[in-house]
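As a plain string of letters, each chain reads:
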Amino acid sequence: MSTAIKNIGIIGAGQMGCGIAHVSSIAGYKIQIYDLAQDRIEAALATINGTLARQVGAGKLTEEERKAALSRISGSTDVNDLASMDLVVEAATEDEAIKRKIFATVCPVLRPEAILATNTSSLSITRLASATDRPERFMGIHFMNPVPVMKLVELVRGIATEEKTFNAAKEYVTTLEKTFTVAEDFPAFIVNRILLPMINEAIYTLYEGVGSVEAIDTAMKLGANHPMGPLQLADFIGLDTCLSIMQVLHDGLADSKYRPCPLLVKYVEAGWLGRKSGRGFYDYRGEVPVPTR
């Protein structure tokens, strides 16, 4: 456990919030999940319990470790329960307006020395920091999805982030047995700057009729040794998230190579967001996912 950080607040009980709570509780941190909806908190605790149980089944954790980890996590719909936290990680929707609103609510509650981090996958850390009362103690700690499985965390400093904040974040990530890379504060950082244009290009390949969903995914799995095809991966990430990252790249770097594929836009407009909505480039409503094109 980090010397500077013992209590961690997590804002947002979604997929990423669950994952960050999960790995942090195993590492010995006390976790407070904050979300506006009680049912989301309950769903998150059930999800974490299920993932921990699977790790016990796989021999990665003992039953005692599972119970101990679970006992360190609590959830609340009251923002005041974040008052004693050393580090608070915002893991809400990838929408700058929502994140700014959250910071406005949370900052007045936090201790002056508390570190505030965002799990954003693409937005400017410097710009988000300017919406807080603590730009020196604000930075990006970007976990990869699914958090319990993925070994990487991207650390991103804003222009005002102090060395002390950066060092505390490095120490925290190391205690989770993750590897960190340091990325500069440019749109989408390292992983998504490379990954999302590849996914977007795969969608263009589909859009232009170069290959079917199945052909494209098989080609990249067997021809480039990717564990998952790019369209399957897009469905896993969420097509709305893919689109928002492409828009951040396009707006932030003003280069036509980042133009989101019109087919991606159409799927998002249809509400076909991938796995989480039951349909994307594959239809997940049956026993086996079926390509939708």
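Being a predicted model, the structure only gives us computed values, none of them experimental.

1. Describing the pattern of salt bridges
Stage number 1. Considering all chains together, one arrives at twelve salt bridges under this definition.
Stage number 2. Among the salt bridges present, the one from Arg 111 reaches Glu 113, with a minimum N-O distance of 2.6 Å.
Stage number 3. Measuring nitrogen to oxygen at the nearest pair gives 3.3 Å for the salt bridge that ties Arg 157 to Glu 163.
Stage number 4. For Glu 163, a relative accessible area of 45% gives the class partly exposed.

2. Some points on the sheet that holds strand S6 (residues 138-143)
Stage number 1. Taking strand neighbours across the sheet as the criterion, the eight strands line up as S3-S2-S1-S4-S5-S6-S7-S8 in an open arrangement whose pairing is mixed. With one partner strand each, in any of the chains shown, strand S3 (73-76) and strand S8 (179-183) form the two edges of the open sheet. In this sheet, neighbouring strand axes are inclined to one another by 25° on average, regardless of whether the strands run parallel or antiparallel.
Stage number 2. As paired strands, S6 and strand S7 (residues 152-157) are joined by five bridges and run antiparallel to one another. Each bridged residue has a counterpart across the sheet, and for Ile 141 the counterpart in S7 is Leu 155.
Stage number 3. Helix H6 (residues 163-175) contacts strand S1 (7-11), strand S4 (87-90), strand S5 (115-118), S6, S7 and S8 of the sheet and is inclined by roughly 20° relative to S6.

3. Considerations on the nonpolar core
Stage number 1. If you look at the biggest cluster of nonpolar residues, it comprises 36 residues, and the most contacted ones within it are Ile 8, Leu 87, Ile 141, Phe 143 and Tyr 172.
Stage number 2. Counting 29 residues, the second largest nonpolar core, distinct from the first, contains Cys 242, Met 246, Leu 263 and Leu 273.

4. Re the UniProt feature "binding site: NAD(+)" (unreviewed entry) in the protein chain
Stage number 1. According to UniProt, the positions carrying the feature "binding site: NAD(+)" (unreviewed entry) are Gly 12, Ala 13, Gly 14, Gln 15, Met 16, Gly 17, Asp 35, Glu 94, Lys 99, Ser 121, Asn 145 and Lys 276. Within the annotated group, the residues that form the lining of the largest pocket are Gly 12, Ala 13, Gly 14, Gln 15, Met 16, Asp 35, Glu 94, Ser 121, Asn 145 and Lys 276.
Stage number 2. Within the fold, Gly 17 resides in helix H1 (residues 15-26).
Stage number 3. Every residue in contact with Gly 17, bar those within four places of it in the chain, is listed here: Ile 10, Gly 12 and Ala 91.
Stage number 4. Inspection of the secondary structure puts Ser 121 in the loop between S5 and helix H5 (125-129).
Stage number 5. With near-sequence residues (within four places) excluded, Ser 121 lies in contact with Glu 94, His 142, Ala 188, Phe 189, Asn 192 and Ile 245.

5. Some details on the UniProt feature "domain: 3-hydroxyacyl-CoA dehydrogenase C-terminal" (unreviewed entry) in the protein chain
Stage number 1. Feature annotation in UniProt assigns "domain: 3-hydroxyacyl-CoA dehydrogenase C-terminal" (unreviewed entry) to the following positions: residues 189-284.
Stage number 2. The span residues 189-284 shows a helical share of 61% and a strand share of 2%, and its end C-alpha atoms are spaced 31 Å apart.

6. Notes on the domain arrangement of the protein chain
Stage number 1. As far as domains go, the protein chain holds domain 1 (7-184) and domain 2 (192-291).
Stage number 2. Computed from C-alpha coordinates alone, the two centres of domain 1 and domain 2 are separated by 27 Å.
Stage number 3. Residue-level contacts link eight residues of domain 1 with five residues of domain 2.
Stage number 4. Here domain 1 meets domain 2 over a buried area of about 530 Å², counting both sides, of which 57% is carbon and sulfur.
Stage number 5. In terms of surface lost to domain 2, no three residues of domain 1 exceed Glu 94, Ser 121 and Ser 122, which account for 55% of the buried area on that side.
Stage number 6. Where domain 1 packs against domain 2, one counts zero salt bridges.
Stage number 7. At the surface where domain 1 touches domain 2, the tally comes to one residue pair in polar contact (both at pLDDT 80 or more).
Stage number 8. Of the residues in the side of domain 1 that touches domain 2, the class split is two nonpolar, five polar and one charged.

7. Section: unusual backbone geometry
Stage number 1. In the segment running from Asn 145 into Pro 146, the intervening peptide bond is cis, with an omega of -5°.
Stage number 2. Topologically, Pro 146 is positioned in the loop between S6 and S7.
Stage number 3. Positive phi, close to 70°, is recorded for Ala 188, a residue that is not glycine.
Stage number 4. Take Ala 188: it is sitting in the loop between S8 and helix H7 (191-207).
Stage number 5. A positive phi is found at Asn 225, a non-glycine position, where the angle reads about 60°.
Stage number 6. Here Asn 225 is to be found in the loop between helix H8 (213-223) and helix H9 (230-237).

8. Considerations on the packing of helix H2 (residues 38-57) against helix H3 (residues 63-71)
Stage number 1. One way to put it is that H2 packs onto H3 with a least axis distance of 9 Å and a crossing angle of 160°. The orientation of H2 relative to H3 falls into the category roughly antiparallel. For the pair H2 and H3, the crossing hand works out as right-handed. Contact residues: Ile 48, Asn 49, Leu 52, Ala 53 and Val 56 in H2; Glu 63, Arg 66, Ala 69 and Leu 70 in H3.
Stage number 2. Tallied by class, residues from the contact of H2 with H3 come to six nonpolar, one polar and two charged.

Parameters at a glance
Residues numbered from 1 in each chain as written. Predicted model: local features only at pLDDT ≥ 70, side-chain atom pairs only at ≥ 80, totals over all residues. Heavy atoms only, no water. Salt bridge = Lys/Arg side-chain N within 4 Å of Asp/Glu carboxyl O. Buried < 20%, exposed > 50% of the residue type's maximum accessible area, 1.4 Å probe, protein only. Pairing = 2+ DSSP bridges. Helix = DSSP H or I, 4+ residues; strand = E, 2+ residues; numbered from the N terminus. Axes fitted to C-alpha atoms, helices over the stretch in contact; angles between N-to-C directions. Contact = heavy atoms within 4.5 Å. Core = buried A, V, L, I, M, F, W, Y, C linked by side-chain atoms within 4.5 Å. UniProt positions renumbered as here; feature names shortened; annotations may be inferred. 1 Å grid on protein atoms, 1.4 Å probe; cavity = no way out; pocket = protein on both sides within 12 Å on 5 of 7 lines; lining within 4 Å. Domains from an automatic or database assignment. Buried area = accessible area lost by both parts, 1.4 Å probe. Polar contact = N/O pair within 3.5 Å; in protein donor to acceptor, adjacent residues only side chain to side chain. Nonpolar A, V, L, I, M, F, W, Y, C, P; charged D, E, K, R; others polar. Parallel < 35°, antiparallel > 145°, perpendicular 65-115°, else oblique. Left-handed = near helix turned anticlockwise from the far one by under 90°.

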